[in-house]
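# Architecture and fold: a report
Chain by chain, the residues:
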Amino acid sequence: MLAVSGFLTVGVFLALVLSRRVSVLFALTLVPIAAALVSGFGAGLGGMIADGLVTVAPVAIMITFAVLYFSLMVDTGLFDPAVARILRWAGGDPMKITVGTALLTLLVALDGDGASTFLITVSALLPVYQRLGMRRVVLAGVVCLAAGVMNMVPWGGPTARAMAALHLDSGQLFLPVLPAMLAGVLWVLVAAYLIGRGERKRLGVVELAVADRPRLTGADRVRFWINALLTLVLVACLLAQLADLEVLFLLAFLVALLVNRPSWAAQQELLTKHAYNVVLVVAVIFAAGVFTGILTGTGMIGAMAEGLVSVIPDSAAGLLPVGTAIASMPLSLVFTPDAFYYGIVPVLAETSAALGGDPAAIGRAAILGQMTTGFPLSPLTASTFILLGMSGVDLGEHQRFAFKWAFGTTLVMTAVALLTGVL
């Protein structure tokens, strides 16, 4: 009966989220609370919720300061010189333009936020694509390929959700798949080259004048280099795991505030400007803590896993992570990121553990396969419509053009993950 309650809880949650009848925040909290009460766990409900909230608190703190830090860097123009340099290098060559699009997106997408990535890259490059007669669907596709890979960083959506859902840290989830992610980056550059070569064959190379960006002088120049150095040091410390991610982002954000927004008024303006994005993401993370805390505390996840174990052959245990990686990419077309990571992945992870596998491998497989959460291909991902609206591309055209390249990225990263033994 406990397994049945668990599957019903997940099913109702998925139905509510996919039908868009209620918000994700509402579904993540109300559905498991109602399920616990109906199943007779009302007495211990408060403790389960508290345990879940404590578990996801580090992820919520990390996301808070990561969004604030990179939003500040975007506001100060840290990425502007890279935009100008790439455009000067590309000139009027469509092949170089597409490769430059991928390079710029890989850099800007370091913040893990799709909206800001699309605002910067599409705004900078759409006039160039129009001037050369390049197809807008190429711009949308290349931007999203690069953004999809970079969204695997621990402060990006898929990895942050997986860490919250499986109660893992970045050392357990992200660092093992870093070689696979680097292979994905290389594949994106190869894909951009192949796509761009086709555009160059269709259009040829034309002359394109790029206006010089005004040079920074005085205090602005010093501030720019301090921001660049601070960001490089932050990324190095994150990868080296010199401290917890939330601590590193907090310290980096405080230093960035002192350098760029030292006055109280400027700091208030920054916080007010980006408060919506921060609150929206953090609230969902804490709601996920309620969901996983209740399902774990009541034993529903364990019971569901036992049910799946009874129907999955023992010989298939080793194939579960690979199957998750490959299947989760097309599945993300019909599941929202929240529905997939908070409703499906915990059950798969517990099933893997019951079969003698590593549950963390399921989390790694999930972020390898979820190219359409960071890569906005799914109509269930809000950033998809931000990108398509800015670039003026139809959803169907975008999906037909980009799906094969996105799925190819997942296959490349999964193959490298298998070779390195992380799956």
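What this report covers is the structure whose coordinates are included nearby. If you're wondering where the values come from, they're calculated on a predicted model, not measured in any experiment.

On the surface, Val 247, Leu 250, Leu 251 and Leu 254 cluster together into a nonpolar patch covering about 300 Å² of accessible area. For Leu 254, a relative accessible area of 41% translates into the label partly exposed.

With respect to the helices, strands and loops of the structure, Phe 401 is situated in helix α20 (residues 395-419). By relative accessible area, which is 14% here, Phe 401 ends up buried. Between the C-alpha atoms of Phe 401 and Ala 140, which are 261 residues apart in sequence, the distance is 9.6 Å. Leaving out residues up to four positions away in the same chain, Phe 401 has contacts with Arg 135, Val 137, Val 138, Gly 141 and Ile 195.

Let's shift gears to the environment of Pro 346. Along the chain, Pro 346 falls in helix α16 (residues 337-354). Expressed as a C-alpha distance, the spacing of Pro 346 and Met 304, which sit 42 residues apart in the sequence, is 9.9 Å.

This part covers the nonpolar core. Core analysis: the largest hydrophobic core is formed by 131 residues, its most contacted members being Leu 28, Tyr 69, Trp 155, Phe 249 and Tyr 342. The element best represented in this core is helix α3 (residues 45-75), accounting for 13 residues. Residue contacts for Tyr 69: discarding those within four places in its chain leaves Asn 227, Leu 230, Thr 231, Leu 234, Ala 252, Phe 253 and Ala 256. Of all hydrophobic cores here, the second largest spans six residues; its members include Ala 36, Leu 45, Ile 49 and Val 290.

Further remarks concern helix α13 (residues 264-297). In α13, a bend of some 55 degrees at His 274 exceeds every other bend along the element. Among the residues trailing α13, Gly 299 stands out with phi positive, at a value near 85 degrees.

As a further point, take the packing of aromatic side chains. Per the stated rule, a full pass over the model turns up four aromatic pairs. Aromatic pair Phe 224 and Trp 225: ring centres 5.2 Å apart, planes at 80 degrees, arrangement edge-to-face. Overall, Phe 224 belongs to the buried group, its relative accessible area being 14%. In this structure, Lys 404 packs its charged tip against the face of Phe 401, placed 5.4 Å from the ring centre.

Rules of the game
The residue count restarts for each chain, going from 1 along the sequence in the order it is written. Under the rules for a predicted model, residues below a pLDDT of 70 receive no local features and side-chain atom pairs below 80 are neither given nor counted, while totals for whole chains, interfaces and linings still include all residues. With hydrogens and water set aside, each side-chain value is computed from the structure's full complement of heavy atoms. Residues enter patches when their relative accessible area tops 30% and they take part in no salt bridge; the joining distance is 9 Å for like charges and 5 Å for the nonpolar side chains Val, Leu, Ile, Met, Phe, Trp and Tyr. Method for areas: the Shrake-Rupley scheme with a 1.4 Å probe, in which residue coverage is limited to the protein chains shown. Any carboxyl oxygen of Asp or Glu that lies within 4 Å of a side-chain nitrogen of Lys or Arg is treated as forming a salt bridge with it. Throughout this description, buried means an accessible area under 20% of the type-specific maximum (1.4 Å probe, protein chains only), exposed means over 50%, and partly exposed covers the range between. A helix here means a DSSP run of H or I that spans at least four residues, while a strand means a run of E at least two residues long, and both kinds are numbered starting from the N terminus. In what follows, a contact means two residues having at least one pair of non-hydrogen atoms within 4.5 Å. To qualify as a nonpolar core, a set must consist of buried Ala, Val, Leu, Ile, Met, Phe, Trp, Tyr and Cys residues joined through side-chain atoms within 4.5 Å. Note that the bend at a residue is defined as the angle between axes fitted to the seven residues ending at it and the seven residues starting at it. Aromatic pairing here means that ring centres of Phe, Tyr or Trp (its six-membered ring) are within 6.5 Å. Orientation follows from the plane angle: under 30 degrees is stacked, over 60 is edge-to-face, and everything else is tilted. Only lysine NZ and arginine CZ atoms are considered, and such an atom sits over a ring when it is within 6 Å of the ring centre and within 35 degrees of the ring normal.

These figures come from the coordinates and say nothing about function on their own.
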